[in-house]
Amino acid sequence: MAAKLSPRAQSSLIWGLYVVGLLPAAWTFWLGASGELGADPVKTFERFLGLWTIRFLILTLAVTPLRDLDLFNGLRYRRALGLLAFYYAAMHLTTYWVLDQALDLSAVWADIVKRPFITFGMMAFTLLVPLAVTSNAASIRRLGSRWSTLHKLIYPAAALGALHYSMATKVLGVEQYIHIGLLVLLLAYRLVRPRVMEAKKARRKMAAVQR
Ligand code: HEM
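As a convention, each chain's residues are numbered from 1 in the sequence order in which they are written. Reporting in this predicted model follows two pLDDT cut-offs: at least 70 for local features of residues, and 80 or more for side-chain atom pairs to be given and counted; totals over whole chains, interfaces and linings ignore these cut-offs and use all residues. Calculation of side-chain values draws on the structure's entire complement of heavy atoms; hydrogens and water are dropped beforehand.

In this structure, what is going on with the overall build of the protein? I would like to understand it.
Secondary structure elements are defined from DSSP: runs of H or I of at least 4 residues count as helices, runs of E of at least 2 residues count as strands, and each element is numbered from the N terminus. In terms of helices and strands, the protein carries 9 helices and 0 strands. Order of helices (α) and strands (β) in the protein, N terminus to C terminus: α-α-α-α-α-α-α-α-α. Projected onto its principal axes, the C-alpha coordinates of the protein cover approximately 65 × 40 × 35 Å. In the protein, once contacts between residues fewer than 6 apart in sequence are set aside, the share between residues at least 24 apart is 68%. Total accessible area on the protein stands at roughly 13400 Å², and carbon and sulfur atoms take up 69% of it. Contacts: residue pairs with any heavy atoms within 4.5 Å of one another. Residue burial considers only the protein chains on display, and all accessible areas are found by Shrake-Rupley using a 1.4 Å probe.

Structure follows, in structure tokens:
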């Protein structure tokens, strides 16, 4: 059985997760600022932030199956993981807008309209915004059962993010297959989840009868 942590220890772990989660961005920004990010530091930084958005989306989506399969209960970390995905997406978009497109809003708009991979990226980001805004306790209380319905937007957001990623990459390699494969697997799990939960309930009932 998992050890029970005090509320204080839990909150320290969550804050630690935010700090550790933001370290890759801070470290890579530092490398870029000190001229150690290769020939095209802006592109490298932009891609790096996109990649970590995908990674945090994967970790956020992995919480439910790991809990369902009794492998790890990370429910208390899910909000931080989801917010980290949003922060990375926001930094990715900001890098693209400020450093790549030199704050030229009309160039950004032209890109969104003309280049399908940017359109999908923007759609994914737009879907993440209401999730980030309502990720607090007050919104959960205010929205009641509508909160869970709203937060299902994570699924189309992740699917659009995966599509954007596969289209942004010129050549798909092992890294892309692993990231996209994991996202597809985690999204597909939602389709079979009702059956997994039914089987789990039946197993528990059986165990209770045998006791
Ligand atoms: C949830 C939202 C998003 C995710 C998960 C995401 C993810 C990624 C990833 C992983 C890459 C790297 C592809 C590679 O390895 O080359 C990438 C590239 C890129 N993304 Fe996003 N992205 C998102 C949203 C956006 C948005 C909103 C924009 C701009 C409006 C954007 C613009 C770009 C651009 C321009 C590149 C290509 C950089 C290059 O030229 O190589 N992305 N994105």
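Any chance you could explain the site of the ligand here in plain terms?
The cutoff for a nearby residue is simple: one of its non-hydrogen atoms must lie within 4 Å of the molecule or strand. Near the ligand lie 21 residues; those nearest to it are Lys-43, Glu-46, Arg-47, His-92 and His-164. Residues adjacent in sequence count toward polar contacts only when both atoms are side-chain atoms; beyond that, a polar contact is any pair of N or O atoms within 3.5 Å, and within protein one must be able to donate a hydrogen and the other to accept it. Residue His-92 places a side-chain N or O atom 2.7 Å away from a nitrogen atom belonging to the ligand. A distance of 2.8 Å is found between a nitrogen atom of the ligand and a side-chain nitrogen or oxygen belonging to His-164. Elements that contribute at least two residues to the shell around the ligand include exactly helix 2 (41-68), helix 3 (75-100), helix 5 (116-133) and helix 8 (154-168). Side-chain classes follow a simple rule in which Ala, Val, Leu, Ile, Met, Phe, Trp, Tyr, Cys and Pro form the nonpolar group, Asp, Glu, Lys and Arg form the charged group, and the remainder, Gly included, forms the polar group. Of the residues in the shell around the ligand, the class split is 12 nonpolar, 6 polar and 3 charged.

Explain the coordination of the iron atom of the ligand here, please?
Think of it this way: four donors in a tetrahedron around the metal ideally sit 109.5 degrees apart, and six in an octahedron ideally sit 90 or 180 degrees apart. Taken together, the protein donors to the iron atom of the ligand comprise His-92 (NE2) and His-164 (NE2), at separations of 2.0 Å. In this structure, the iron atom of the ligand is surrounded by 6 donor atoms whose angles at the metal cover 87 to 179 degrees, and the resulting shape is octahedral. You can see His-92 sitting in helix 3 and its partner His-164 sitting in helix 8, a full 72 residues away along the chain. Atoms are scored as donors when they are N, O or S and lie within 2.8 Å of the metal, with 3.2 Å used for Na, K and Ca; no water is included, so coordination may look incomplete. Angle rules define the geometry names used: all angles between 85 and 135 degrees makes four donors tetrahedral, while opposite donors over 155 degrees apart and all other angles between 65 and 115 make four donors square planar and six octahedral, leaving every other case irregular.

When you look at helix 3 in this model, what are you seeing that I'm missing?
Residues separated by three or four positions in an α-helix point in the same direction, a consequence of the helix having 3.6 residues per turn. Taking 1.5 Å per residue as the helical rise, helix 3 with its 26 residues ought to reach 38 Å, and the 37 Å between its terminal C-alpha atoms agrees with that figure. The buried label applies to any residue whose accessible area, calculated with a 1.4 Å probe on protein chains only, is under 20% of its type's maximum; exposed applies above 50%, and partly exposed to all values in between. Of the residues making up helix 3, those classed as buried are Tyr-77, Ala-80, Leu-81, Leu-83, Leu-84, Ala-85, Phe-86, Tyr-88, Ala-89, Thr-95 and Tyr-96. Lining the buried residues of helix 3 we find helix 1 (7-33), helix 2, helix 4 (105-114) and helix 5. Where helix 3 ends, the next residue or the one after it, Ala-102, has phi of about 45 degrees, a positive value. Helices are assigned an expected span. That span is 1.5 Å times one less than the residue count.

Please explain the packing of aromatic side chains as it appears in this structure.
To describe a pair of aromatic rings, you give the distance between the ring centres and the angle between the ring planes. Only Phe, Tyr and Trp rings are paired, with Trp represented by its six-membered ring, and only when their centres lie within 6.5 Å; those with planes under 30 degrees apart are stacked, over 60 edge-to-face, the remainder tilted. One pass over the full model with this rule turns up 9 aromatic pairs. With 6.3 Å between their ring centres and 45 degrees between their planes, Phe-48 and Trp-52 make a pair best called tilted. Taken together, the positions of Phe-48 and Trp-52, both in helix 2 and 4 residues apart, correspond to about one turn of that helix. Overall, Phe-48 belongs to the partly exposed group, its relative accessible area being 22%. Aromatic side chains Trp-52 and Phe-56 sit 5.7 Å apart centroid to centroid with 45 degrees between the ring planes, which places their arrangement in the tilted category. Of this pair, Trp-52 and Phe-56 are both found in helix 2, 4 residues apart, which corresponds to roughly one turn of the helix.

Which parts of the structure should I look at to understand the nonpolar core?
Buried residues of nine kinds, namely Ala, Val, Leu, Ile, Met, Phe, Trp, Tyr and Cys, make up a nonpolar core once their side-chain atoms join them within 4.5 Å. Phe-56, Leu-57, Leu-61, Leu-128, Ile-154 and Leu-183 are the most contacted members of the largest nonpolar core, which has 36 residues in total. Secondary-structure elements contributing two or more residues to this core are helix 1, helix 2, helix 3, helix 5, helix 8 and helix 9 (174-210). Broken down by element, the residue count for this core peaks at 10 residues, all from helix 2. Leu-128 has contacts with Leu-57, Phe-86, Ala-89, Ile-154 and Ala-157, leaving out every residue within four places of it along the chain. Listed in part, the 5 residues of the second largest apolar core include Tyr-96, Val-108, Ile-112 and Ile-118.

It is not clear to me how the packing of helix 2 against helix 8 should be interpreted in this structure. Could you clarify?
For every element, the axis is a line fit to its C-alpha atoms; helices are fit only across the contacting stretch, and the angle between N-to-C directions ranges from 0 to 180 degrees. Interaxial distance between helix 2 and helix 8 falls to 11 Å at its minimum, and their mutual angle equals 145 degrees. In this structure, the crossing between helix 2 and helix 8 has a hand that is left-handed. The segment helix 2 lies against helix 8, with Leu-51, Ile-54, Leu-57 and Leu-61 engaging Ile-154, Tyr-155, Ala-158, Gly-161, Ala-162 and Tyr-165. Working rule for handedness: look at the near helix, and if it is turned counterclockwise from the far one by less than a right angle, call the crossing left-handed; if clockwise, right-handed.

Got a minute to help me understand the confidence of the model for the protein in this structure?
Predictor confidence is given residue by residue as pLDDT, running from a minimum of 0 to a maximum of 100. Across the protein, the average pLDDT comes to 96, with 99% of residues at or above 70. Element-level pLDDT for the protein is lowest in helix 9, with a mean of 95, against a maximum mean of 98 in helix 5.

What is the right way to read the packing of helix 1 against helix 2 from this model?
For any two helices packed against each other, the geometry is given by the interaxial angle and the distance between the axes. One can describe the packing of helix 1 onto helix 2 by two numbers: an axis separation of 10 Å at closest approach and a directional angle of 175 degrees. Comparing the axis directions of helix 1 and helix 2 gives the class roughly antiparallel. Together, Gly-21, Pro-24, Ala-25, Thr-28 and Phe-29 of helix 1 and Phe-45, Phe-48, Leu-49, Trp-52 and Phe-56 of helix 2 make up the contact between the two elements. We call two directions roughly parallel when the angle between them is under 35 degrees, roughly antiparallel when it is over 145, roughly perpendicular when it lies between 65 and 115, and oblique otherwise.

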